[in-house]
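Fold and geometry: a report
Chain residues, written in single-letter form:
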There are 2 protein chains.
Amino acid sequence: MADTRHITLPKGFRATGVKAGIKPSGREDVALLAAEADCSAAVVLTSNQVFGAPIAWARRILPRGRGKLRAFVINSGCSNVCTGPAGLRDAEEMAARTARRLVCDARKVLVASTGVIGHRLPMDKVRAGIDAAAEKLSTRHDGDFLRAIMTTDLREKSAVVVSKLGRTKFTVAGTVKGSGMIAPSLATMIAPITTDAAVSPALLHKALKDVAGRTFNAVTVDSDQSTSDTVAVLASGASGNASIRPGSKEYRKFLAVLEEVCGALAYQLAADGEGATRVIRIAVTGARGEADARAAAMSVANSPLVKTAVHGSDPNWGRIVMALGKSAAKVEPDKLKVRIGRTLVFSAGRGRKFDEKTVSTYLSGKEVDIACDLGLGEGAFAALTCDLSREYIAINADYTT
Amino acid sequence: MADTRHITLPKGFRATGVKAGIKPSGREDVALLAAEADCSAAVVLTSNQVFGAPIAWARRILPRGRGKLRAFVINSGCSNVCTGPAGLRDAEEMAARTARRLVCDARKVLVASTGVIGHRLPMDKVRAGIDAAAEKLSTRHDGDFLRAIMTTDLREKSAVVVSKLGRTKFTVAGTVKGSGMIAPSLATMIAPITTDAAVSPALLHKALKDVAGRTFNAVTVDSDQSTSDTVAVLASGASGNASIRPGSKEYRKFLAVLEEVCGALAYQLAADGEGATRVIRIAVTGARGEADARAAAMSVANSPLVKTAVHGSDPNWGRIVMALGKSAAKVEPDKLKVRIGRTLVFSAGRGRKFDEKTVSTYLSGKEVDIACDLGLGEGAFAALTCDLSREYIAINADYTT
């Protein structure tokens, strides 16, 4: 079966993934994305105070989260976090070796590593992997690229949107890995995104930050936050559009397309959450402001009792109301309305009569919508999560050993 | 087998529990604690914005968390939360009916209810239960009292300490129910505590608030916070000591004994956490202040990845460091030291070499100590939690239905 193309669909990119022997499973573990020329680039990185060497490298080469990049090299199987000055030298060497192969400045090469925390990279294998990947770069290995960034992921996650800026066709394509340690701000998530639109680094960064808040940063699998999160957009400009200007119609179009891609990737992250059998969308409206809406939605999305109730198809709205009530958001039970799917289950301070069987059947579906109208203002935010199952425990009770 | 005595060991109290038919299991579900005369009383209640009718009643009769009480009536099987004005009338009627039986003012009767949210109490059964309990009050039914407040609890949790104030012997005894929806501030927890020490309501409240912060509010099972949490101390004064004065040697002695009882109950809550197989104590020292220490300890205690790693006896210190790093507390990896048991696993920004088998064996024990020295100041706080197992999911995926 031929692999689906995605990350190299925008013009000007090649990619591949190789088996370097870092993962005990023997699967692909070194991924390389390379542009034919320098690209506008923007990144958002983990805000965890403990962060990996690749994050330190990214902050050095893109000090304000933006600049020019030529390539993005990623390994899975080892996260290069808590590895001291030697770990930072390893990350630098990954960039330098990639740069030598592609004949560019090492400071144009972004690095990411994902996997267990606290082990040095097996640099012999990494070096050989980078060399092999540089040889194999192509527009026919998108599947290998994607598999090489995956860890506990069960599904390959990607999204592509083709649109137009004026008469010029452009494409935004994204991939993402991550299924545990997923919570804002950012997840154990590495999301390489490409586009052939022409856009400056500064404007690309503004767009990415805007979109990430509503997409990647609205997903939580387990409330834990990784030390290695990296979302990076590379814009080659090869589509030939006139460079997008701030505040223009073209910017709004580009923003919408980027949001569609990031939103699709975020949805796939929730759907592939460790042990997940359902995607749960918690839409809060009527909050005093957006910060309240986010706090309320995230409190429900992170509640193990809500997540286990959904797993059990149990219309236990009391747990939803509990999670809203414990949040930092202002909540007045008398003004609150809660719907599960289309069914109003709570209003005016108490539970409504409803057909439990209907709601239980609804909760057995693959997608569950929980809508909470706080009735206090205009603030709105939607969070995405998944149910909490025995499988989450099984996956996480013995990951390193 | 004779039941252990606890809640009626301090002089001046009687108690019992009866089967009123509220719980589908048919087990004891109405508990009554009565004092022979009015007691000094102090309560701490849930801070959830959504709270049950009994909480509203408690705030009305003890507006500053303290006052005089004669009795404490509790039902399990139904929480009387989100039941509107009718639910509040039900709580009032529970107090009034108990008061009529004991010949006292209804405003001297504290009420608590625990169980599923959103259902009206079956008042016919509750009334009959209160009448039967009032008939049966004794110092030989402490076990029935305790079983009547339990829901998903597997173990009966109680603690007794006998000490002296000057030459006068006094006793503090406590019981507690709760094993899920357990997190600060307060747990799904109902903790009736008695003492025969003589102490004013104001001083008793000061002592309880002080102690609760380090005991009940340091326990988290699942980060969820109940709508019904109630800790109540009733002090009969029947031991005959001179009333304890603020700041005195006797106050410090009383505080220490109260803390010993509350600490033992908090430990038992963690040990009986839903699905728990281990108690985990996270001691943070060296934080910039106590607020930072609490934030750091609670972040580790609430991390599902840490809790599953302990469940799997996996010495995955990376997850501990991740949870510290994502917390609101200031953390500098280079100054951080982490110990699992006696083994130093992390310092100077990276993992130490240690014998993984030794630490894994240690993690298989019933008690796990994780010590994190942030190296930044004098702030210290210890949190208690339990591991996260498949059983937690099994218990919570179908609780109402």
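The following paragraphs examine the structure supplied in this document. Since we're looking at a predicted model, the values are computed, not measured. (Residues numbered from 1 in each chain as written. Chains lettered and ligands numbered in written order. Predicted model: local features only at pLDDT ≥ 70, side-chain atom pairs only at ≥ 80, totals over all residues. Heavy atoms only, no water.)

1. Some words on the overall build of chain A
Tallying secondary structure elements over chain A gives eleven helices and 14 strands in all. A compact globule built from 401 residues would reach a C-alpha radius of gyration of about 21 Å, and chain A, at 22 Å, matches this within 12%. Projected onto the principal axes, the alpha-carbon positions of chain A cover approximately 70 × 55 × 40 Å. Counted over contacts in chain A with a minimum sequence separation of 6, partners at least 24 positions apart contribute 80%. When the 55 positive and 40 negative side-chain charges of chain A are each reduced to one mean point, those points stand 4 Å apart. (Helix = DSSP H or I, 4+ residues; strand = E, 2+ residues; numbered from the N terminus. Rg over C-alpha atoms; globule rule 2.2 N^0.38 Å. Contact = heavy atoms within 4.5 Å. Lys, Arg positive; Asp, Glu negative; His and termini not counted. Charge placed at Lys NZ, Arg CZ, Asp CG, Glu CD.)

2. A word on a nonpolar patch on the surface
Residues and elements named next belong to chain A. A cluster of nonpolar residues, L9, V160 and V162, forms a patch on the protein surface that exposes about 210 Å² of accessible area. Along the chain, L9 turns up in the segment before β1 (13-18). The class for L9 is partly exposed, based on a relative accessible area of 35%. (Patch = residues over 30% accessible without salt bridge, like charges linked within 9 Å, V, L, I, M, F, W, Y side chains within 5 Å. Areas by Shrake-Rupley, 256 points an atom, 1.4 Å probe, with all protein chains shown as cover. Salt bridge = Lys/Arg side-chain N within 4 Å of Asp/Glu carboxyl O. Buried < 20%, exposed > 50% of the residue type's maximum accessible area, 1.4 Å probe, protein only.)

3. Here we look at helix α1 (residues 53-61) of chain B
If you check which residues of α1(B) are buried, you get A53(B), P54(B), I55(B), W57(B), A58(B) and I61(B). Among the structural elements, β2 (30-45), β3 (66-76), α2 (84-102), β4 (109-114) and β8 (230-235) of chain B are those in contact with the buried residues of α1(B).

4. As for the pairing of strand β6 (residues 168-176) of chain A
Residue and element names in this part refer to chain A. Extensive coverage of β6 is indicated by the burial of seven of its nine residues. Both strand β5 (residues 157-165) and β6 contribute to a ladder of nine bridges, which runs antiparallel. Bridge pairing links S158 to T175 in β6. Counted along the chain from β5 to the antiparallel partner β6, the turn is two residues long, and its residue G166 has a positive phi close to 60 degrees. Bridge count between β6 and strand β7 (residues 190-195): three bridges; the pairing is antiparallel. Counterpart to A173 in the pairing with β7 is T194. (Pairing = 2+ DSSP bridges.)

5. Notes on the interface of chain B and chain A
Interface size is commonly expressed as the accessible area that is lost once the parts come together. Taken together, the contacts link 55 residues of chain B with 55 residues of chain A. Roughly 4200 Å² is buried in total at the junction of chain B and chain A, and carbon and sulfur atoms are behind 59% of that figure. Summed over the shared surface of chain B and chain A, the result is zero salt bridges. Scanning the region where chain B abuts chain A turns up twelve residue pairs in polar contact (both at pLDDT 80 or more). With eight residues, the single largest contributor to the side of chain B that touches chain A is helix α9 (residues 317-326) of chain B. For the side of chain B that touches chain A, the per-class residue count stands at 23 nonpolar, 22 polar and ten charged. (Buried area = accessible area lost by both parts, 1.4 Å probe. Polar contact = N/O pair within 3.5 Å; in protein donor to acceptor, adjacent residues only side chain to side chain. Nonpolar A, V, L, I, M, F, W, Y, C, P; charged D, E, K, R; others polar.)

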